[in-house]
Amino acid sequence: TIDGIAERAGVARPTVYATFGSKRAMLLALVDRVEAEAELPALLLGLRAAEGHPRRQVGLLVEFNRRLFSRGLDVLEILRGAGSAEPDLAEVWREGERRRRQGQAPLVRAWAAAGALRTDLSVKVAADVLWALTGPDVFRLVVVESGWSARRYAGWLVETLQSALFGQRPA
């Protein structure tokens, strides 16, 4: 509750509302902070610098997700869980997933335009694969539930995505 947040922060309830306006805004601010700590601007610069090198771009994206989920999986889980109790907060989760999918779409289109995608994949299917495998659920399953290190997760995911999207490396 806002009262609980204010109490833990040692501030008055109106201060929480004056700072954030709502729980929704507060959760969005937390997500923005986690993305910043995971170095989202550096990811975007790196992806631009690696244009024409789809395998390198996949590595950059996975490394960003490793940092993001290592630092912020708890925030994302709180956000998803809060949505079951408050529909407005469920929309925040869905909006985050839409943003993630929309952010990845130009990469997939560029890979398709460059002829890098496997010939048996449509752009839509490739985008679905990238979005699904780079989500927090895969990280949670292999790192939190199965006990993999975040580094092992990243290595496996890079190999899996590169194979799934581009096929085997040429000899």
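Residues numbered from 1 in each chain as written. Predicted model: local features only at pLDDT ≥ 70, side-chain atom pairs only at ≥ 80, totals over all residues. Heavy atoms only, no water.

Quick word on the side chain of Arg67
1) Next: You can see Arg67 is positioned in helix 5 (residues 54-85).
2) Next: Look at Arg67 and you get buried, because its relative accessible area is 16%.
3) Next: Residues within four places of Arg67 in sequence aside, it is in contact with Ala38 and Glu39. (Helix = DSSP H or I, 4+ residues; strand = E, 2+ residues; numbered from the N terminus. Buried < 20%, exposed > 50% of the residue type's maximum accessible area, 1.4 Å probe, protein only. Contact = heavy atoms within 4.5 Å.)

A word on the nonpolar core
1) Next: By size, the foremost hydrophobic cluster in this structure holds 41 residues, and its most contacted members are Trp111, Tyr153 and Leu165.
2) Next: Breaking this core down by element, the ones donating at least two residues are helix 3 (23-37), helix 4 (40-49), helix 5, helix 6 (87-113), helix 7 (123-133), helix 8 (136-145) and helix 9 (150-166).
3) Next: The leading source of residues in this core is helix 5, at eleven residues.
4) Next: Ignoring any residue separated from it by four or fewer positions in sequence, one finds Leu165 in contact with Val58, Trp111, Ala116, Leu117, Arg118, Leu121, Ala126, Val129 and Leu130. (Core = buried A, V, L, I, M, F, W, Y, C linked by side-chain atoms within 4.5 Å.)

What to know about the packing of aromatic side chains
1) Next: Using the criterion set out here, one finds four aromatic pairs in the structure.
2) Next: Between the aromatic rings of Phe69 and Phe139, the centroid separation amounts to 5.6 Å while the plane-to-plane angle is 50 degrees, which identifies the pairing as tilted. Separated by 70 residues along the polypeptide, Phe69 in helix 5 and Phe139 in helix 8 bring together distant segments of the chain. Side by side, Phe69 and Phe139 carry an identical accessibility label, which is buried.
3) Next: Look at Trp111 and Phe166: their rings are 5.2 Å apart centre to centre, the planes differ by 80 degrees, and that puts the pair in the edge-to-face class. Linking Trp111 in helix 6 with Phe166 in helix 9, this pair joins segments that are 55 residues apart in sequence.
4) Next: You can call Trp111 buried: its relative accessible area is 2%.
5) Next: Judged by relative accessible area, Phe166 falls into the buried class, the value being 11%.
6) Next: A network of ring pairs unites the aromatic residues Phe69, Phe139 and Tyr153 as a single cluster.
7) Next: Here the guanidinium or amino end of Arg152 rests over the ring plane of Trp148, the centre of that ring lying 4.2 Å away. (Phe/Tyr/Trp six-rings, centres within 6.5 Å; stacked < 30°, edge-to-face > 60°. Lys NZ or Arg CZ within 6 Å of the ring centre and 35° of its normal.)

Points about the confidence of the model for the protein chain
1) Next: For the protein chain, mean pLDDT is 90; residues scoring 70 or higher make up 98% of the total.
2) Next: Here helix 3 stands out as the least confident element of the protein chain, with mean pLDDT 79; helix 7 is the most confident, with 98. (pLDDT = per-residue confidence, 0-100.)

Looking at the packing of helix 5 against helix 8
1) Next: Here helix 5 crosses helix 8 at 110 degrees, and the two axes come no closer than 10 Å. In terms of orientation, helix 5 lies roughly perpendicular with respect to helix 8. Every residue of helix 8 that contacts helix 5 at Arg66, Phe69, Ser70, Leu73, Leu76, Glu77 and Arg80 is listed here: Pro136, Asp137, Phe139, Arg140 and Val144.
2) Next: The class makeup of the residues in the contact of helix 5 with helix 8 is six nonpolar, one polar and five charged. (Axes fitted to C-alpha atoms, helices over the stretch in contact; angles between N-to-C directions. Parallel < 35°, antiparallel > 145°, perpendicular 65-115°, else oblique. Nonpolar A, V, L, I, M, F, W, Y, C, P; charged D, E, K, R; others polar.)

Thoughts on the pattern of salt bridges
1) Next: In this structure the tally under the stated criterion is 15 salt bridges.
2) Next: In this structure, Arg101 engages Asp128 in a salt bridge whose closest nitrogen and oxygen atoms are separated by 2.8 Å. You can see Arg101 sitting in helix 6 and its partner Asp128 sitting in helix 7, a full 27 residues away along the chain.
3) Next: For Arg101, a relative accessible area of 30% gives the class partly exposed.
4) Next: Residue Asp120 pairs with Arg118 through a salt bridge whose shortest N-O separation is 2.7 Å.
5) Next: The exposure class of Arg118 is partly exposed, given its relative accessible area of 28%.
6) Next: Each of Glu77, Arg80, Asp137, Arg140 and Glu145 takes part in a single network of salt bridges with overlapping partners. (Salt bridge = Lys/Arg side-chain N within 4 Å of Asp/Glu carboxyl O.)

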